[in-house]
Amino acid sequence: MKWNPEHDRAQQETADALTLQHAPHWWVMWSYSLRAWVAFYLGPATVTPLRHPHPDQLSQHMRYVTRRVAAGRSP
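Please read these numbers as outputs of a predicted model, since none were measured by experiment. (Residues numbered from 1 in each chain as written. Predicted model: local features only at pLDDT ≥ 70, side-chain atom pairs only at ≥ 80, totals over all residues. Heavy atoms only, no water.)

Relative to the helices and strands, histidine 25 is located in the loop between α1 (9-21) and β1 (26-31). The spacing of histidine 25 and tyrosine 64 is 39 residues in sequence and 13 Å in space, taken between C-alpha atoms. Excluding anything up to four places from it in sequence, histidine 25 contacts Phe40, Tyr41, Leu42 and Gly43. (Helix = DSSP H or I, 4+ residues; strand = E, 2+ residues; numbered from the N terminus. Contact = heavy atoms within 4.5 Å.)

Once that is clear, we can look at the sheet that holds strand β3 (residues 50-52). Across the sheet, which stays open at both edges, the 3 strands sit in the order β1-β2-β3 with antiparallel pairing between neighbours. Pairing within the sheet leaves two strands with one partner each, and these edge strands are β1 and β3. The average angle at which neighbouring strand axes cross in this sheet is 20°, direction not considered. Two elements, strand β2 (residues 36-41) and β3, share 3 bridges in a ladder whose sense is antiparallel. (Pairing = 2+ DSSP bridges. Axes fitted to C-alpha atoms, helices over the stretch in contact; angles between N-to-C directions.)

To describe a pair of aromatic rings, one takes the distance between the centres and the angle between the planes. Enumeration over the complete set of coordinates arrives at 3 aromatic pairs. Centre to centre, the rings of tryptophan 26 and tyrosine 41 are 5.0 Å apart; their planes meet at 70°, and the pair counts as edge-to-face. In this pair, tryptophan 26 is assigned in strand β1 and tyrosine 41 in strand β2, connecting sequence segments 15 residues apart. Assigned by exposure class, tryptophan 26 and tyrosine 41 land together as buried. (Phe/Tyr/Trp six-rings, centres within 6.5 Å; stacked < 30°, edge-to-face > 60°. Buried < 20%, exposed > 50% of the residue type's maximum accessible area, 1.4 Å probe, protein only.)

On to the pairing of β2. Most of β2 is tucked away: 5 of the 6 residues are buried. Bridge count for β1 against β2 is 6 bridges, and the pairing is antiparallel. Residue valine 28 lies in a different strand from β2, and its bridge partner there is alanine 39. Count of turn residues in the β1/β2 antiparallel hairpin: 4 residues, of which arginine 35 carries a positive phi of about 55°.

What follows covers the pattern of salt bridges. Scanning the entire structure with this criterion turns up 2 salt bridges. For arginine 35, the salt bridge identified is with aspartate 8, shortest N-O distance 2.6 Å. Here arginine 35, found in the loop between β1 and β2, pairs with aspartate 8, found in the segment before α1; they are 27 residues apart in sequence, far enough to count as distant. Relative accessible area serves as the criterion here: at 39%, arginine 35 is assigned to the partly exposed category. With a relative accessible area of 2%, aspartate 8 lands in the buried category. (Salt bridge = Lys/Arg side-chain N within 4 Å of Asp/Glu carboxyl O.)

These figures capture arrangement, not role.
Written out as C-alpha cells, the structure reads:
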C-alpha cells in the first residue's frame, strides 16, 4: 500500500500536543523521513533542534533545555 500522511495521523497529533504542552518556547513536528519527533526552540537562545523517536524522551529533553536557557547556561 502506498504511504500517505494519514498513516502518521497519531504521530502528528502527538506533535501538536507536545507543542501545546511546551508553548510558547517550542514547536514540535513529526518527521516522516526521520520517523522521529523534532522540536524547534522559539525562545531567545540559539538551540539546535532536538529529535527523538519517543515523545516522552523528547519532552524531558525539552524541559531540560528550557531550564538551562532560563538559568543563563548553554543548552
